[in-house]
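Working through the structure, step by step
Okay, here's what each chain looks like letter by letter:
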Amino acid sequence: MRAVLSSSLVLASSLLSASTPAWAAGPAAIVAAAQPAATAQQAGLVDVASLDPAIVIEMRYLGSNNFTGAPVPGYHANICYLRAPAAQALARVQQRVQAQGYRLQVFDCYRPVQAVRSFVAWAHAPADPAAKVAYFPNIAKPDLLDGYISATSGHSRGHTVDLGLLDCRHGPCHPLDIDTAFDVFDPAANVGHRSISTLQQANRDRLQQAMLAEGFEPYAMEWWHFSHPEQREQALALDVPVR
């Protein structure tokens, strides 16, 4: 989950529903200016599964299996939305890896601005001991705001995706061994980290090569994070819910 700092930050108050986790109910938070739109379709986003249903969609922020330990504001359905160039490129990646016996496993795609805002609020809240052990064992929680969590995100522009690979060559599909899990904020998750096994490095390379072949660009701090450059500079941050 990479979040990229931008000069277009504004100070806004968080008005959160009663169902919002307690850590996300803080006062003012820095947020990105979002483009008004009522639905993902009106915003020009594409449902990736409509292009290739073989892609496994597992939107982690829809439920509690994520670093916050709770459903994240803005996520109401297990749907991966991206802008058309990124969605089409991801479908081509799926075709590429499927020919080798693998499937893409998507963890996050388009991310509403309200979700980004809630991540910043979470980062400022006291650390939960269990979450620290599982997701950031070697980094102080406030330090996550330096490179891992930020006030704006390429995800909100619809060109960034977090994903892994499933091995489907022999029986039921299962995740490839890439050492760290998704959203583990640790140097071990860095692209090119050397303290992993030869097999784990080969599996990371397989994912990287497949994504690079279709124009995606990696993020050095997170092996799962890729952005597509087409229309990236023109796209505005969105806050339509995922539904």
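All values derive from a computational prediction rather than experimental measurement. (Residues numbered from 1 in each chain as written. Predicted model: local features only at pLDDT ≥ 70, side-chain atom pairs only at ≥ 80, totals over all residues. Heavy atoms only, no water.)

1. Section: the overall build of the protein chain
The helix and strand tally for the protein chain stands at four helices and 10 strands. What you see in the protein chain, going N to C, is helices and strands ordered as β-β-β-β-β-α-β-α-α-β-β-α-β-β. For the protein chain, buried positions account for 52% of its 243 residues. Long-range contacts, defined here as pairs at least 24 residues apart, represent 75% of the contacts in the protein chain between residues at least 6 apart. Summed over its atoms, the accessible surface of the protein chain is roughly 10500 Å², and 55% of this surface lies on carbon and sulfur atoms. (Helix = DSSP H or I, 4+ residues; strand = E, 2+ residues; numbered from the N terminus. Buried < 20%, exposed > 50% of the residue type's maximum accessible area, 1.4 Å probe, protein only. Contact = heavy atoms within 4.5 Å. Areas by Shrake-Rupley, 256 points an atom, 1.4 Å probe, with all protein chains shown as cover.)

2. Comments concerning the packing of aromatic side chains
Think of a pair of aromatic rings as described by two things: how far the centres are apart, and how the planes are tilted against each other in angle. Inspection of the entire model under this criterion finds 12 aromatic pairs. Look at Tyr 61 and Phe 182: their rings are 6.2 Å apart centre to centre, the planes differ by 50°, and that puts the pair in the tilted class. Of this pair, Tyr 61 sits in the loop between strand 4 (56-57) and strand 5 (81-83) while Phe 182 sits in the loop between strand 8 (174-175) and helix 4 (198-213), placing them 121 residues apart in sequence. A relative accessible area of 0% means that Tyr 61 is categorised as buried. Joined through ring pairs, the aromatic side chains of Tyr 61, Phe 67, Tyr 75, Phe 107, Phe 119, Trp 122, Phe 136, Tyr 148, Phe 182, Phe 185, Trp 223 and Trp 224 make up one cluster. (Phe/Tyr/Trp six-rings, centres within 6.5 Å; stacked < 30°, edge-to-face > 60°.)

3. Focus on the state of the cysteines
Counted according to the given criterion, the structure contains two disulfides. A sulfur-sulfur distance of 2.0 Å marks the disulfide that ties Cys 80 to Cys 109. Every disulfide takes its handedness from the sign of the S-S torsion; for Cys 80 and Cys 109 that torsion is -100°, giving left-handed. Taken together, the residues Cys 80 in the loop between strand 4 and strand 5 and Cys 109 in the loop between strand 6 (102-108) and helix 2 (113-124) connect sequence positions 29 residues apart. Like Cys 80, the residue Cys 109 is buried in the burial classification. Each sulfur of the disulfide joining Cys 168 and Cys 173 lies 1.9 Å from the other. A torsion of 115° about the S-S bond marks the disulfide between Cys 168 and Cys 173 as right-handed. Taken in sequence order, the bonded cysteines of the protein chain link in the pattern 1-2, 3-4. (Disulfide = S-S within 2.5 Å.)

4. Quick look at the pattern of salt bridges
The final tally for this structure, using the stated rule, is seven salt bridges. The closest approach of N and O atoms between Arg 60 and Glu 58, which form a salt bridge, is 2.7 Å. Residues joined by salt bridges that share partners form a network here, namely Arg 92, Arg 96 and Glu 214. (Salt bridge = Lys/Arg side-chain N within 4 Å of Asp/Glu carboxyl O.)

5. So, helix 4
For helix 4, with 16 residues, the first-to-last C-alpha span of 22 Å sits near the 22 Å given by 1.5 Å per residue. Within helix 4 the residues assigned to the buried category are Gln 200, Gln 201, Asn 203, Arg 204, Leu 207, Gln 208, Ala 210 and Met 211. Each element contacted by the buried residues of helix 4 is listed here: helix 1 (84-98), strand 7 (160-167), strand 9 (217-219) and strand 10 (222-227). Following helix 4 by one or two positions, Gly 215 adopts a phi angle in the positive range, close to 95°. (Expected span 1.5 Å × (residues − 1).)

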